[in-house]
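Single-letter residue listing:
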Amino acid sequence: MTNRDNRIVRPVLDRLVKQIAELYERDIITVLVSSGSVIAGMEVLGHSDIKDKASRRQVYSAIGQPRMMRLYYNIFHDYGMKCAQVLPTKNDFDPGEHRRNMKNCYENLLSEGVIPIANEDDTVSLSHAMFSDNDELACLIAEMIDADKLIILTDIDGLYDGHPDADDSSLVEEVGINENVNHFISDTKKGEAEGRGGMLSKLNYAKQSARKNIPTIIANGKSENTIIDIIDGKAVGTKVEI
Ligand SMILES: Nc1ncnc2c1ncn2[C@@H]1O[C@H](COP(=O)(O)OP(=O)(O)O)[C@@H](O)[C@H]1O
Ligand SMILES: N[C@@H](CCC(=O)OP(=O)(O)O)C(=O)O
């Protein structure tokens, strides 16, 4: 949802929400896990003199998260839908009261026809409370709500069997949970703002979800109709299944 200049690309969010709205019409209900708060905060504040990276992330995300939600609120509203914000930390997923409360909240939001939008609470999640990235958060939510499917969107069509820019690399259509294909992945993290993730993390959490019987697909979030195509059973992205 960001471009190389570290700006939020509204048409990408618009396309996402349009598809979520179309699925809702078909009684397919989505929970959205969305990053973007740190970059949205950087867009507002610009350069910060705060040296400590964690403190800077707190400040940027505290500024950016309401901005992301304003964008989402407006776009969902344009499609006649309502959305809500859920900001957990990793600790909230431990067995206990917070987990039960969070699950209850998801169930109630969904029963009210409201689409939950989750992001890590970057203002408080430091060290052990921190998810490794939003791929982990999506995986934990999918498991908690017993999702039928997890779709991990990125800026590339899926996992390639070599460097994505190499002429002889091609898209891997399916990966088994016990298949070791980590060597396909090169460290091409573009240094984009404070984004964490990366393809290795997507693959690991996709396998983790598949192990819990949640079919998972890594696909391109910048393409026009990715989510709908996946739901319609078209051959899109990289499937990770048991
Ligand atoms: N074998 C591979 N197949 C697909 N993508 C790969 C591969 N190796 C490295 N990558 C890189 O992973 C990137 C996707 O992860 P990235 O966008 O960094 O994660 P995040 O969405 O968490 O920020 C791709 O843009 C690509 O450059
Ligand atoms: N929670 C942070 C992003 C965390 C993260 O892992 O981002 P990404 O590398 O895009 O999966 C944010 O909203 O900016």
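Report on the accompanying structure. Quick caveat: nothing in here was measured; it's all calculated off a predicted structure.

## Details of a nonpolar patch on the surface
On the surface, Val-44, Leu-45, Ile-50 and Val-59 cluster together to form a nonpolar patch covering roughly 290 Å² of accessible area. Summarising the element assignment, Ile-50 is placed in the loop between helix H2 (37-45) and helix H3 (53-78).

## Some points on the pairing of strand E2 (residues 82-86)
Of the pairings in the sheet, the one linking E2 to strand E3 (residues 114-118) comprises 5 bridges and is parallel in character. Within the sheet, the bridge partner assigned to Ala-84 lies in E3 and is Pro-116. Note that the unit made of E2, helix H4 (residues 97-111) and E3 has a crossover that is right-handed.

## Some points on the environment of Glu-224
Of note, Glu-224 is situated in the loop between strand E6 (216-220) and helix H7 (226-231). Judged by relative accessible area, Glu-224 falls into the exposed class, the value being 54%. On a C-alpha basis, the gap between Glu-224 and Cys-139 in space is 24 Å, while along the polypeptide they are 85 residues apart. Ignoring anything within four residues of it in the chain, the contact list for Glu-224 reads Arg-15 and Gln-19.

## Focus on the pairing of E6
Counted residue by residue, E6 has 5 buried out of 5 residues, so it is predominantly covered. Side-chain alternation along E6 places Thr-216, Ile-218 and Asn-220 on one buried face and Ile-217 and Ala-219 on a second face that is also buried. Bridge count for strand E4 (residues 150-154) against E6 is 5 bridges, and the pairing is parallel. In the strand pairing of E6, Leu-150 is matched with Thr-216.

## What to know about the side chain of Lys-207
Following the sequence through the fold, Lys-207 ends up in helix H6 (residues 199-211). Of note is the side chain of Lys-207, whose polar atom sits 2.5 Å from the backbone oxygen of Glu-179. If we ignore the near neighbours within four places in the chain, the residues touching Lys-207 are Val-175, Gly-176, Ile-177, Glu-179, Asn-180 and Val-240.

## Details of the packing of aromatic side chains
Using the criterion set out here, one finds 2 aromatic pairs in the structure. Aromatic side chains Tyr-72 and Phe-76 sit 6.4 Å apart centroid to centroid with 50° between the ring planes, which places their arrangement in the tilted category. Of the two residues, Tyr-72 and Phe-76 both sit in helix H3, 4 residues apart, roughly one turn of that helix. Each member of the pair, Tyr-72 as well as Phe-76, is classed as buried. On the basis of an interplanar angle of 75° and a centroid distance of 5.8 Å, the ring pair of Phe-93 and Phe-131 is categorised as edge-to-face. Taken together, the positions of Phe-93 in the loop between E2 and H4 and Phe-131 in the loop between E3 and helix H5 (134-144) put the pair 38 residues apart, joining distant regions of the chain. What makes Phe-131 buried here is its relative accessible area of 1%.

## Details of unusual backbone geometry
In this structure, Ser-127 takes a positive phi of about 40° despite not being glycine. With respect to the element layout, Ser-127 can be found in the loop between E3 and H5. By relative accessible area, Ser-127 is classed as exposed at 56%. Its identity is not glycine, yet Asp-146 carries a phi of approximately 60°, on the positive side. The topology assignment puts Asp-146 in the loop between H5 and E4. Judged by relative accessible area, which is 63%, Asp-146 ranks as exposed.

Reading guide: rules and limits
- Residues numbered from 1 in each chain as written.
- Chains lettered and ligands numbered in written order.
- Predicted model: local features only at pLDDT ≥ 70, side-chain atom pairs only at ≥ 80, totals over all residues.
- Heavy atoms only, no water.
- Patch = residues over 30% accessible without salt bridge, like charges linked within 9 Å, V, L, I, M, F, W, Y side chains within 5 Å.
- Areas by Shrake-Rupley, 256 points an atom, 1.4 Å probe, with all protein chains shown as cover.
- Salt bridge = Lys/Arg side-chain N within 4 Å of Asp/Glu carboxyl O.
- Helix = DSSP H or I, 4+ residues; strand = E, 2+ residues; numbered from the N terminus.
- Pairing = 2+ DSSP bridges.
- Right-handed = clockwise from strand over helix to strand, strands pointing away.
- Buried < 20%, exposed > 50% of the residue type's maximum accessible area, 1.4 Å probe, protein only.
- Contact = heavy atoms within 4.5 Å.
- Polar contact = N/O pair within 3.5 Å; in protein donor to acceptor, adjacent residues only side chain to side chain.
- Phe/Tyr/Trp six-rings, centres within 6.5 Å; stacked < 30°, edge-to-face > 60°.

All quantities given are derived from atomic positions and should not be read as evidence of function.
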